[in-house]
Structures are given as C-alpha cells and as structure tokens.
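If you want the building blocks of each chain, they are given just below.
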Amino acid sequence: MSGLDRDLSTDLEASERRNLRRRRVARETARFPHIDIEGKRRVNFAANDYLGLAGDDRVAEALSRGVSRWGAGAGAAHLLSGHTQAHEAFEEALANYLGTEAALLFSTGYMANLGVLGALAGRGDTIIADRLNHASLIDGARLSRAKLRRYAHADVQAAADRLEVARGRRLLVTDGVFSMDGDVAPLGALAEMSNDAGAVLMVDDAHGFGVLGERGRGSVAAAGLDACDVPVQVVTLGKALGVSGGAVGASRALIDTLVQRARTWIYTTAQPPALAEAMTQALAIAGEEEWRRTRLRELVARFHALADARGLPHTACQTPIQPVMVGASDAALWASRQLFERGFYVPAIRPPTVPAGKARLRLSFSALHTDQQLDALVEALGEVLGNG
Ligand SMILES: *Cc1c(COP(=O)(O)O)cnc(C)c1O
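For the structure given in this document, a descriptive report is provided here. Small disclaimer: the values here were computed from a predicted structure and weren't measured.

1. Considering the overall build of the chain
The helix and strand inventory of the chain stands at 15 helices and 13 strands. Relative to the globule expectation of 21 Å for 388 residues, the C-alpha radius of gyration of the chain, 21 Å, shows essentially globular dimensions. Principal axes of the C-alpha set define a box for the chain whose edges measure 55 × 55 × 55 Å. Here the chain, with 388 residues, has 53% of them falling under the buried criterion. Of all intrachain contacts in the chain linking residues separated by at least 6 positions in sequence, the fraction that spans at least 24 positions is 70%. For the chain, the computed accessible surface area is about 17,300 Å², with 49% contributed by carbon and sulfur atoms.

Set out below in structure tokens:
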C-alpha cells in the first residue's frame, strides 16, 4: 500500500466509525417505482423522478429517434460545432414554458449554477445565500471569487441585513424548494426585498420545476412571480423531467452574457443532441399531464394523514420531498436498513449533506407510487421508529 492509500484508508475508516461513510448501490433494473438491489425488489422512495418520466416510453422513444438522427454524442462544445437544432428547440420550448425571453442548456444543474454565478459575479461583488442552499450554489459562489454571505434559512430579514451592507453587484440566491427539507423559499418576500434593494434574485428550482405552479412552471410561478421579479431561474432536467441536464431561463441579454462568460458551458462538450430531443418530449408531457401533479398532492396529503394517525413526525411541507427527522447518523442508517428489510428503499441522509445532528430519512414521492405502497411504507415507518 502506498503512503497515499494508507492515509486515505485511515480517513475512510474514521468515517466508517462515525457512521458517515457513503457507499453506492448499483440497481439492476429500470422498473421504477421499484428498485432491484442484490436480487431483492424494493419500493423506491429515493428518486427525484417526481412525475415518473424517467422510464416513460414516449421520452425513451424520442431519445431513440434522436440517436438515429444525431448519433450518440454532440462531438464538440457548443461554440465549436456541437450546437444543434435539437438544443435550440429545447431551449425555445423551455423559455416558453418558464415565461422567460430565452434559455440556455447546460450539461448538468451543477454546472448551470457554477456557470451562472461565475458569469454574473466576481471579485468585489457579493453573493447572499440561504444557509441551506444546494452544494452547487455554494461551490459556484466560492469559484466566482465574490464575497459569500450566508443567511439563516428562509430568514428574509437576515437576507435584507446582509444585502444592505453588501458591495458590488449583489446576487441573492436561494433554492426554490430545499432539496433535503422539502420546504419552499419565501420567494414573494425575497423578490420584493431584493427588487427594492436593487439586487438580483436567482432561484435554483431543481425540485420545484415540473412539480409546482400552473402546468408545473415551478416555484417562481407558484409564488405568483415572473421573470421581472426573478431575473435568473435555474432548473434541472434530471429530476421532474426524468432526463439529464440543467438550464437557465432569463432575459436575452443575460443568456447572451452566459454564452460569452459561463465557463462550465463554454469549455465542455455539448450534451448529446438526442437528450435534448428527449427533454423536449418530456417537457411537453410535464406541461400537459396535470394528473401527475394532482397525484403527487394526493400522496402528500395521504402521507400527512397517515403519519398523524400513527404519531409519526412529519413536516408541513406540501412538496414531494418529505423528510422524517431522526437525528443521529447511526439511528438513521439503522432505520434505513430496517425499512429495506421490510421492502422499501429509503436513504439515510447524513452530514455533511445536512447539518450535524440532523440526520434523516428522506422520502420522495412520485406520481407512479400507489396508495398501497405509501400505506405499507407508513406502517413500516411506524414499526421502525417505534410508534407502530
Ligand atoms: C440536484 C440539484 C442540483 C444539481 O442538478 P444536477 O442536474 O443533478 O447536477 C442543483 N441544485 C439543486 C437544488 C439540486 O437539488
């Protein structure tokens, strides 16, 4: 063993002892909402496939047609020769859907956040961020070299205080729906405050897009806001849309600026055009099939009622992300294993993804889950968490 490997092994063993070591599980099939692991079939409550589109035949067929037309890959970055009509058609459809002048497709949501923050903020500027924002927003802020000021979760006054003393261009950045908590940011109040202060509000709507608001337009629309109130909207295409990628919806001037300056867009190979074809199809379905959002709301209401009946803790959140707080990492891991034994795949979310002492089970619902699956899950949760 090399010196490096010895050091690394020591660190890995330390995380193991603290119940913080992460491991991958390779699933064996694509039978959502089931998941097959080591030959065992479980009901999957650990996906962000909210609308159930990742396995949709129409989306898969659009992908196949895209591959027939364009081949497997884009072959180059967008500014070389990788940009295609398939990418443009998706961007146009997305801009229409979001109600923005234009949109720009990135390979992932992570890269979209890094690209936007780096393009809009630099030395001398200030990024004001909710403390529970997604890691990609934190990393984007750090990479941008702007000053990063974090405020207490969802605390509009704390954000205003930081804005008041901030210098340079000021970007106020928040998740629309918080990824590990499922709560919705106070977007109306944040928009009013940031507009009054002359700052720019950016919303990362990875978990609201496709799920909240009229036709699934997202948390900005659900809050009754538009592109004037929220000049920068980031969405991800691997969650409710079930495909892969990220995108920014904004004014034409902002999108054109990203084309000049967003390094995670310029210096990387364009997404395969076939994926863009699949996403255009997925976006059309997401907009049209309202029953998927209705179904999600039904599942959330049913979960709250069942949990109340059993005395299980739950949040008031109305989104398909429903955390069940456990506290200690070892207890969360144990509960997750017990649920697996009882037929359910529910991950334990531990630090540093969530703050120390706030380990939890993160349930995420999909339009494809049945009432029976949910009922059985709550029963198992009751047994495992000792309220059964
Ligand atoms: C998942 C997620 C991202 C990253 O999106 P990817 O397309 O998976 O890279 C960004 N922000 C939030 C809030 C997310 O939950």
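Following the structure, the description resumes.
2. Things to note about unusual backbone geometry
That bond from F32 to P33 is cis: its omega, 10 degrees, falls within 30 degrees of zero. Looking at the element boundaries, P33 is found in the loop between α1 (3-17) and β1 (34-37). Cis geometry is found at the peptide bond from P351 to P352, where omega equals 5 degrees. If you trace the backbone, P352 turns up in the loop between β12 (348-349) and β13 (359-364). At E38, a position not held by glycine, the phi torsion is positive, near 45 degrees. Topologically, E38 is positioned in the loop between β1 and β2 (40-44). Notably, A154 is not glycine yet its phi reads approximately 60 degrees, a positive angle. Inspection of the secondary structure puts A154 in the loop between β5 (147-151) and α7 (156-164). On the basis of relative accessibility, which here comes to 29%, the residue A154 falls in the partly exposed class.

3. Side note on the environment of E61
By secondary structure assignment, the location of E61 is in helix α2 (residues 57-70). A C-alpha to C-alpha distance of 40 Å links E61 and R142, two positions 81 residues apart in sequence.

4. Topic: the site of the ligand
Taken together, 14 residues lie near the ligand, and G109, Y110, D204, H207 and K239 sit nearest. D204 places a side-chain nitrogen or oxygen 2.5 Å from a nitrogen atom of the ligand. Contact with the protein chains removes 83% of the 380 Å² of surface that the ligand exposes when unbound. The dominant element in the shell around the ligand, judged by the number of residues it contributes, is helix α5 (residues 109-120), at three residues. Counted by class, the shell around the ligand contains two nonpolar, nine polar and three charged residues.

5. Examining the pairing of strand β6 (residues 170-175)
Among the six residues of β6, six are classified as buried, and the element is accordingly described as predominantly covered. Neither face of β6 is left uncovered, since the one carrying R170, L172 and T174 and the one carrying L171, V173 and D175 both have all their residues buried. Sheet analysis places strand β4 (residues 126-130) next to β6, joined by four bridges and oriented parallel. What sits directly across from I128, in β6, is L172. With five bridges joining them, β6 and strand β7 (residues 200-204) adopt parallel strand pairing. Looking across to β7, one finds that L172 is bridged to L201.

What counts, and at which threshold
- Residues numbered from 1 in each chain as written.
- Predicted model: local features only at pLDDT ≥ 70, side-chain atom pairs only at ≥ 80, totals over all residues.
- Heavy atoms only, no water.
- Helix = DSSP H or I, 4+ residues; strand = E, 2+ residues; numbered from the N terminus.
- Rg over C-alpha atoms; globule rule 2.2 N^0.38 Å.
- Buried < 20%, exposed > 50% of the residue type's maximum accessible area, 1.4 Å probe, protein only.
- Contact = heavy atoms within 4.5 Å.
- Areas by Shrake-Rupley, 256 points an atom, 1.4 Å probe, with all protein chains shown as cover.
- Near = heavy atom within 4 Å.
- Polar contact = N/O pair within 3.5 Å; in protein donor to acceptor, adjacent residues only side chain to side chain.
- Nonpolar A, V, L, I, M, F, W, Y, C, P; charged D, E, K, R; others polar.
- Pairing = 2+ DSSP bridges.

Limitation: the analysis is restricted to geometry and does not speak to function.
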